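Below are the chains, spelled out letter by letter.
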Amino acid sequence: MSGLLAGKRLLVTGVITDASIAFSVAKLAQENGAQVVLTGYGRLSLVERIAKRLPEPAPVIELDVTNPEHLAGLADKVREHVDGLDGVVHSIGFAPQSCLGGGFLDAPWEDVATALQVSTYSYKSLAMAALPLMSAGGAVVGLTFDATKAWPVYDWMGVAKAGLESASRYLALHLGKQGIRSNLVAAGPLRTIAAKSIPGFEQFEDAWTERAPLGWSLTDQEPAARACLALLSDWFPATTGEIVHVDGGYHAIGA
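Residues numbered from 1 in each chain as written. Predicted model: local features only at pLDDT ≥ 70, side-chain atom pairs only at ≥ 80, totals over all residues. Heavy atoms only, no water.

A. Molecular detail of the overall build of the protein chain. If you tally the helices and strands in the protein chain, you get 8 helices and 7 strands. Relative to the globule expectation of 18 Å for 255 residues, the C-alpha radius of gyration of the protein chain, 17 Å, shows essentially globular dimensions. Here the C-alpha coordinates of the protein chain stretch approximately 45 × 40 × 40 Å along the principal axes. Within the span of the protein chain, comprising 255 residues, buried residues form 53% of the whole. Of the roughly 11,600 Å² of accessible surface on the protein chain, 54% is carried by carbon and sulfur atoms. (Helix = DSSP H or I, 4+ residues; strand = E, 2+ residues; numbered from the N terminus. Rg over C-alpha atoms; globule rule 2.2 N^0.38 Å. Buried < 20%, exposed > 50% of the residue type's maximum accessible area, 1.4 Å probe, protein only. Areas by Shrake-Rupley, 256 points an atom, 1.4 Å probe, with all protein chains shown as cover.)

Here it is as structure tokens:
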């Protein structure tokens, strides 16, 4: 077996379609020597069909990150397919419609709480559920959208991503003693299912394609996926609590 992730065992969440970043991560991971286990929620049969499009069909485990029973049983379910984990990919996010598209001032707490639990707290929940399977050298990698700014129409999801970025730093602090790293990839806008659920998302698309110094493709998930693979690999052994921007350089330029 050869490749950047030769012999690695990965748990990848968030595969819904083959246009998702998580699918690209799983595909490239397999092509680089990793064993991959997927999780799905809700439309599990859809995830199972998508899993068959990978170079090697991957097993799919049902996981609702807000369900304590699912989280408590995750390690045992993963053990049915691999004997441990070297990496976990968190590609999970959700916000009710009231929290997006300009509704920041009106969204009720119940909806905001849902967005924060699914999109922010789940990063810690997933890491802790997988921890019994991990050892020194392991890595947790999540996906964010630059939360240093307030973006039009992103609203409470932007707040959730800011929380995610902070949670990753705290996870880096607390898991570092066990030799486990926590890092995030901040991808530019991509035409995924999640993006399509945000009213007015085309504002991001226009800005990026016009102004990113390296240019930006709205339909190419591979650059973000490659960054995830690099952070999961042994090539970043002393990097944790970091956010790697994969956005064509947009974050580095002035408004």
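B. Summary view of the UniProt feature "binding site: substrate" (unreviewed entry) in the protein chain. This chain's UniProt record puts "binding site: substrate" (unreviewed entry) on Ala-95. Topologically, Ala-95 is positioned in the loop between strand 4 (87-90) and helix 4 (109-130). Ala-95 sits in the buried class, given a relative accessible area of 7%. Beyond its immediate stretch of four places on either side in the chain, Ala-95 contacts Leu-100, Ala-115 and Met-157. (UniProt positions renumbered as here; feature names shortened; annotations may be inferred. Contact = heavy atoms within 4.5 Å.)

C. Quick peek at the nonpolar core. One finds Val-12, Val-25, Leu-38, Val-185, Phe-204 and Trp-208 to be the most contacted residues of the largest nonpolar core, which totals 58 residues. Apart from the residues lying within four places of it in its own chain, the contact partners of Val-25 are Val-12, Val-89, Ala-225, Cys-228 and Leu-229. One finds Ile-61, Val-88, Leu-131 and Ala-186 within the second-largest nonpolar core, a separate group that totals 30 residues. (Core = buried A, V, L, I, M, F, W, Y, C linked by side-chain atoms within 4.5 Å.)

D. Structural view of the pairing of strand 6 (residues 181-187). For strand 6, the tally of buried residues reaches 7 of 7 residues, placing the bulk of the element in the interior. Here 6 bridges tie strand 5 (residues 139-144) to strand 6, and the two strands are oriented parallel to one another. Its bridge partner lying in strand 6, Thr-144 is registered against Ala-186. For the crossover from strand 5 across helix 5 (residues 155-175) to strand 6, the handedness is right-handed. Across 4 bridges, the pairing between strand 6 and strand 7 (residues 243-246) is parallel. Along strand 7, the bridge assignment pairs Ala-186 with His-245. (Pairing = 2+ DSSP bridges. Right-handed = clockwise from strand over helix to strand, strands pointing away.)

E. Expanded view of the sheet that holds strand 6. Taken in spatial order, the 7 strands of this open sheet run 3-2-1-4-5-6-7, and their pairing is parallel. A single partner strand is all that each edge strand has here, and the edge strands are strand 3 (60-62) and strand 7. Taking each pair of neighbouring strands and ignoring which way they run, the sheet shows an average axis angle of 20°. Contacting strand 1 (9-12), strand 2 (35-40), strand 4, strand 5 and strand 6, helix 1 (residues 21-31) crosses the sheet at an angle of about 160° to strand 2. Its contacts with the sheet place helix 5 against strand 5, strand 6 and strand 7, and it is angled at close to 155° to strand 6. (Axes fitted to C-alpha atoms, helices over the stretch in contact; angles between N-to-C directions.)

F. Inspection of the UniProt feature "binding site: NAD(+)" (unreviewed entry) in the protein chain at higher detail. The residues that UniProt annotates with the feature "binding site: NAD(+)" (unreviewed entry) are Gly-14, Ser-20, Ile-21, Asp-64, Val-65, Ile-92 and Lys-161. Beyond its immediate chain neighbours, meaning those up to four positions away, Ser-20 contacts Gly-14, Val-15, Thr-192 and Gln-221. With respect to the helices, strands and loops of the structure, Lys-161 is situated in helix 5. Given the relative accessible area of 9%, Lys-161 is considered buried. Setting aside chain neighbours within four positions, we find Lys-161 in contact with Leu-143, Thr-144, Phe-145, Ala-147 and Tyr-154. Engagement of the side chain of Lys-161 in a polar contact is seen with the backbone oxygen of Leu-143, the distance being 3.1 Å. (Polar contact = N/O pair within 3.5 Å; in protein donor to acceptor, adjacent residues only side chain to side chain.)

G. Inspection of unusual backbone geometry at higher detail. We note that Val-153 has phi near 70°; this positive angle belongs to a residue other than glycine. Within the secondary structure, Val-153 is located in the loop between strand 5 and helix 5. The phi torsion at Asp-155 lies on the positive side, around 45°, for a residue other than glycine.

H. View of the pairing of strand 2. Counting buried positions along strand 2 yields 5 of 6 residues, so the element is predominantly enclosed. For strand 1 and strand 2, the ladder comprises 4 bridges, and the chain directions are parallel. Paired with Arg-9 across the two strands is Gln-35, which belongs to strand 2. Once the chain exits strand 1 it traverses helix 1 before rejoining the sheet at strand 2, and the crossover so formed is right-handed. Bridge count between strand 2 and strand 3: 3 bridges; the pairing is parallel. Considered in strand 3, the bridge of Leu-38 is made with Val-60.

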